Amino acid sequence: MHLLQPAAYLWSVWAQLTSAVPPLGTPASAAVDAVNPLLGNGGDTPNGSGGMVPAVAPPFGMTRWVAQTRANYVSVTPYNHTDRAIAGFQATHQPAIWMGESGPVTLVPGVGPVTPAFADRALAFDKRDERAGAALYTVEMDDAHGGRVKAEMTATSRVGHLRFTFSPSAAPYILLEATRPSVRGSDDPANLTFPSGAVHIDPRAREISGFNPERQDAILGPSAAPSFAGHFVARFDQPFAAWGTAHNASLAPGATAGAGPLLAAYARFAPGAGKVTVRVGVSFISAAQARANLDAEVPDGRAFEATAAATRAAWKDKLELIELEGASPANRTTFYTAFFHALQYPYEQHEGGRYYSGYDDAVHPGESYTGYSIWDTFRAEWAWEILFAPERIPGMVTSMLQDYKEGGWLPMWKNIVETNIMIGTHADVLVAEAVAKGFGDRFDTALAYEAVHKDATVPPVGDSYIEYADRQENVGYEVRAGLSSVYAEKGWVADDVHSESASRTLDYAYDDHAAGALAALLNHTADAAFFSARARSAYKTIFNNATGFMEARTAAGAWAGPARGWTEGDMWAYTFDVAQDVPGLAALKGGNASFVAFLDAHFDGGHNDHTNEPSHHIPYLYALAGAASRTQARVRAIARADYNETVDGLAGNEDCGQMSAWYLFSALGFYPVDPVSTEYVVGAPFFDKITLHLPGAPRPLVIRAAGAGAGKQYVRSLSVDGVPVDGARPVLRHAQLVRGGELVFEMSDAPQAWGSQTVFDPDTEAAAGPGGGEAEGEGEGKREEL
């Protein structure tokens, strides 16, 4: 179990020992104040949105509390910044915009007649009356009867703490929506099911409890999780003047229990009860556990301000691990909000030392997490968490191993249970990287190797005839679909059997690389040689020498066409998807000079799509081919164009932190192109000085890059603790970072020779910028301070 960090621990102790109420906004933290939770909520389409919402919770919190402006489902988040009415305050477990909700409960304040229907109960608000922070959300709304309702909301991992102020206070009420119409899939909002839940009202205890079995992703994946439900216990600080239930908006005044679909319960308070505070414990196990969570995390007598302070302290502990100098206020917001996003998922599924597993429909002792978007996060997000949340890594890996024991496979995209979304068995990468970076003595590596070996050698059921298409229903575990058709035999996944075949081939090759690295670390030498060899040969089987691009192939070996077989990318992006063997890929393209020219064609031709993850490592490939100055220019241009401090500050889906992890690493000046290798490819810092207080490090890691914040984006030289880094191989090792010390980047306004031997012209003593001329332009939405 992870330990509380210093500030969070002190605030926890303080809250237990004193009755004083801390002011809102304490403890002081400029880093926490820089966070803009609205960043990434914009976008005109689901794919063009970051998919983030201004929710409150501590790092990796089980339940995030958010003002609900829309009925959420796959492709729709519960809050949209363009809306001007709030229909309640939801305890959400929707981990990403393209995933479904699970077991929510929604609190709805009101005055006058109780109004359960979503469209009728929404209260208008002005954006000027809304404040969103990392640990506190507040808004003032019109109560639809001439008055105002102020809502304040904070939360611990498993308890929402809300305070409503009614002005005037004539007959206020709070309704808890247990079940609602549930949208299945994303294609048709009218494709509804009606989950059946229950509510119970205990006026004497001032409690409303219940459960909601809604799980919108139940149509996906092999595990039914039949007993899953979101249980809740809401405890109020004011006595109930009246109460009742609602079924399909029909009220039953005085009723103390109800069951079925379209279900809610409410409590009305006496006139004059101008302020009502409620604490809502949430559980995936039972109402009793929800009540235990409530008592453990926000016990009776805990002031609202104390809860907000404790959650703020938890964020302060994490965000203040990094200090920035030479960053503008806008860039500080971009950076610290990215850090905030990167420490939200996967989220805690355990409670009181136990967790519900939907794989075997049982409760087990231990620590568990869900919300694993591994196809996205294996690239850089996991590496970020290893650096800045190392106390979580053993529990997160152990959680994946428990999924393996209870369900038979490591997770791919776990949302309560496996959903089969995306491709590849990239949990192999997470496990191998954790062992390679020193965590192998803190979880069961024998079990981990068994699970990874199974991923790499055992095909799914029906592998020769089931397509395993994206979001295909009524199939078993997808894992490495195509392993026996015909990847294991010929080196590629057959396009006439499986969808996304070319992307699968390249993903499986990298997963083999991870399996080989893990085997080597655990002394399985024969397996290490086998998997590593397959990792370096499989990708070559789909390289079409005639076109110079990767291309899908049929089982018989025929080329399937350049547009076939891709996952969130195309032949341009995926031809670069060989992180495990960049020299081998460059050789296929005719050597470093030709490879650099191919990279230029990719970027200059407008093919780079940073909104999707397969493109994230591509600008760093320049540096591995002797063109580091072009990495430096391309990375800075992407950061200017695709990130900013506003609601539209993410060009694509956040995907559980990966979009932000790219920016964070890039801002530090290095990126994990091949995370299993424990190496980081050098780019260039965005700011003059960055100090990292890495947990467990004997001293801070100080990154100096004078002039970077003023626009100097090229590197003249780099040293680590005074020792020059050879530009012939511009990489940093994980061990160099975690011991602390000093990285000194000598920055320049113009491209330099360091790391750029392929493009450096000794006659002019200059390195040509992208495209063979000057450095790449700034692009739209640039930030001059970058």
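Parameters and conventions
The residue numbering used here restarts from 1 in each chain and proceeds along that chain's sequence as written. Where local features are concerned, this predicted model is filtered to residues with pLDDT of at least 70; where side-chain atom pairs are given and counted, the filter is 80 or more; whole-chain, interface and lining totals use all residues. Water and hydrogen atoms were dropped before computing side-chain values, which therefore reflect all heavy atoms in the structure. Under the DSSP-based scheme used, a helix requires at least four consecutive residues in state H or I and a strand at least two consecutive residues in state E, with every element numbered from the N terminus. Here the globule rule reads 2.2 Å times residues to the power 0.38, and the radius of gyration is calculated from C-alpha atoms. Only protein chains enter the area calculation, which uses a 1.4 Å probe; residues under 20% of their type maximum are buried, those over 50% are exposed, and those in between are partly exposed. Here, two residues are considered to be in contact whenever any of their heavy atoms come within 4.5 Å of each other. Definition of nonpolar core: a set of buried residues of the types Ala, Val, Leu, Ile, Met, Phe, Trp, Tyr and Cys, connected through side-chain atoms within 4.5 Å. Only protein atoms enter the 1 Å grid, on which a cavity is a set of points fitting a 1.4 Å probe that cannot get out and a pocket is an open set with protein on both sides within 12 Å along at least 5 of 7 lines, lining residues being those with an atom within 4 Å of a point. Grid points are joined across faces, edges and corners, and a volume is the space filled by probe spheres set on the points. Amino acid classes used here: Ala, Val, Leu, Ile, Met, Phe, Trp, Tyr, Cys and Pro are nonpolar; Asp, Glu, Lys and Arg are charged; the rest, including Gly, are polar. One bridge is not enough; two strands pair if DSSP finds at least two bridges between them. Expected span, for any helix, means 1.5 Å times one less than how many residues it has. An arc is given here, and it is the one of the directions from the helix axis to the C-beta atoms. By salt bridge we mean one thing: a side-chain nitrogen of Lys or Arg within 4 Å of a carboxyl oxygen of Asp or Glu. Scored from 0 to 100, pLDDT reflects the predictor's confidence in each residue. Pairing of aromatic rings covers Phe, Tyr and Trp, the last through its six-membered ring, and needs centres within 6.5 Å; plane angles under 30 degrees mean stacked, over 60 mean edge-to-face, and all others mean tilted. Look at NZ for Lys and CZ for Arg. If either is within 6 Å of the ring centre and within 35 degrees of the ring normal, a charge sits over the ring.

> I'd like a rundown of the overall build of the protein chain, residues and numbers included.
On a plain count of helices and strands, the protein chain comes out with 21 helices and 42 strands. For a compact globule of 786 residues, the expected C-alpha radius of gyration is about 28 Å, and the protein chain comes in at 26 Å, within 12% of that figure. Considering only C-alpha atoms, the protein chain reaches an extent of 85 × 60 × 45 Å along its principal axes. In the protein chain, which comprises 786 residues, the proportion classed as buried is 64%. Within the protein chain, counting contacts between residues at least 6 apart in sequence, those at least 24 apart form 70% of the total.

> Quick one: what's the story with the nonpolar core, residue by residue and with numbers?
Among the nonpolar cores identified, the biggest contains 162 residues, and Phe335, Tyr663, Phe687 and Leu743 are the most heavily contacted of them. The residues touching Tyr663, leaving out its near neighbours within four places in the chain, are Asn331, Thr334, Phe335, Ala338, Ala639, Tyr643, Phe686, Phe687 and Leu786.

> So what's going on with the layout of surface pockets? Residues and values would help.
If you add up the space inside the second largest pocket, you get close to 390 Å³. Around the second largest pocket, the lining comprises 20 residues; the ones closest to its centre are Asn47, Trp98, Met422, Glu568 and Asn653. Taken together, the residues of the lining of the second largest pocket break down into 8 nonpolar, 6 polar and 6 charged.

> A description of the pairing of strand S24 (residues 362-365) should follow, citing residues and the corresponding values.
Of the pairings in the sheet, the one linking strand S23 (residues 354-357) to S24 comprises 4 bridges and is antiparallel in character. Residue pairing across strands places Arg354 opposite Pro365, the latter belonging to S24. Once S23 ends, the chain turns through 4 residues before running back antiparallel as S24, passing Asp361 with a positive phi of about 55°.

> Explain helix H14 (residues 525-537) to me, and be specific about the residues and the numbers.
The end-to-end C-alpha distance of H14 is 18 Å, a good match for the 18 Å that 13 residues give at a rise of 1.5 Å each. Considered for burial, the residues of H14 that qualify are Ala528, Phe531, Arg534 and Ala535. Down the axis of H14, the smallest arc covering the buried residues is 140°, so these residues share one side. The outward face of H14, more than 90 degrees from its buried face, is lined by the exposed residues Thr525 and Ala526. On its buried side, H14 packs onto helix H11 (445-457), helix H12 (483-490) and helix H13 (501-521).

> Summarise the pattern of salt bridges; cite the residues concerned and give the values.
Pairing of side chains with opposite charge becomes possible as their charged atoms draw close. If you walk through the whole model with that rule in mind, you get 37 salt bridges. Between Glu391 and Lys318 there is a salt bridge, and its shortest N-O distance comes to 2.9 Å. One end of the pair, Glu391, is in the loop between helix H8 (381-388) and helix H9 (393-407); the other, Lys318, is in helix H5 (residues 304-319), with 73 residues separating them in the sequence. Exposure class is identical for Glu391 and Lys318. Each is buried. As a salt-bridge pair, Asp428 and Arg480 come within 3.3 Å of each other at their nearest N and O atoms. Linking Asp428 in helix H10 (residues 427-439) with Arg480 in the loop between H11 and H12, this pair joins segments that are 52 residues apart in sequence. A single burial state applies to Asp428 and to Arg480, both of which are buried. In this structure, a network of salt bridges that share partners links the residues Glu207, Arg235, Arg279, Arg291, Asp295 and Asp300.

> Describe the pairing of strand S9 (residues 172-177), listing the residues and the values that go with them.
Of all 6 residues making up S9, 6 are buried, and the element is well covered by its neighbours. Looking at chain direction, strand S4 (residues 105-111) and S9 are connected through 6 bridges and run antiparallel. Across the sheet, residue Thr106 finds its bridge partner in S9, namely Glu177. Where S9 meets strand S18 (residues 263-268), 5 bridges bridge the pair, whose relative direction is antiparallel. Bridge assignment links Leu175 to a residue of S18, and that residue is Tyr266.

> Talk me through the sheet that holds strand S20 (residues 322-325); I want residue IDs and the actual numbers.
Read across the open sheet, the 6 strands follow the order S20-S35-S36-S40-S37-S38; overall the sheet is mixed. Sheet topology places S20 and strand S38 (723-724) at the edges, where each strand pairs with a single neighbour. As judged from the 2 bridges shared by strand S37 (residues 714-720) and S38, these two strands associate in the antiparallel manner. Of the residues in S38, the one forming a bridge with Ser719 is Pro724.

> Tell me what's going on with the confidence of the model for the protein chain, and back it up with residues and numbers.
Confidence along the protein chain averages 95 in pLDDT terms, with 95% of residues attaining 70 or more. Considering only residues more than four positions removed or in separate chains, one finds that residues 772-785, a stretch of pLDDT under 50, has 32 contacts.

> Provide a residue-level description of H12, including the pertinent values.
Where H12 is concerned, the buried positions are Leu483, Ser485, Val486 and Tyr487. Where H12 is buried, its residues meet H11, H13 and H14. Once H12 finishes, Gly491 follows within two positions and takes phi at roughly 105°, a positive value.

> Go over the sheet that holds strand S26 (residues 372-373) with me, naming the residues and quoting the values.
Strands sit in the order S26-S27-S28 across an open sheet of 3 strands; the sheet is antiparallel. The open sheet is flanked by S26 and strand S28 (417-418), the only strands paired with a single partner. Two elements, strand S27 (residues 413-415) and S28, share 2 bridges in a ladder whose sense is antiparallel. Each residue of the ladder has a partner; that of Asn415, found in S28, is Val417.

> Break down the packing of aromatic side chains for me, citing the residues and quoting the values.
Counted according to the given criterion, the structure contains 33 aromatic pairs. Summarising the aromatic geometry, the rings of Phe339 and Phe388 are spaced 5.4 Å apart at their centres and angled 70° between planes, so their arrangement reads as edge-to-face. On the criterion of sequence distance, the pair formed by Phe339 in helix H6 (residues 329-341) and Phe388 in helix H8 is long-range, its members being 49 residues apart. With a relative accessible area of 0%, Phe339 lands in the buried category. Each residue in the set Phe339, Trp384, Phe388, Tyr620, Phe665, Phe670, Tyr671 and Tyr680 is aromatic and connected to the rest through ring pairs, giving one cluster. The ring of Phe549 has Lys589 sitting right over it, with the charged end atom 5.7 Å from the ring centre.

> Describe in detail the environment of Ala750, supporting the description with residues and values.
Tracing the chain through its elements places Ala750 in the loop between strand S40 (741-748) and strand S41 (760-761). Look at Ala750 and you get partly exposed, because its relative accessible area is 34%. In this structure the C-alpha to C-alpha distance between Ala750 and Ala451, which are 299 residues apart in sequence, comes to 49 Å.

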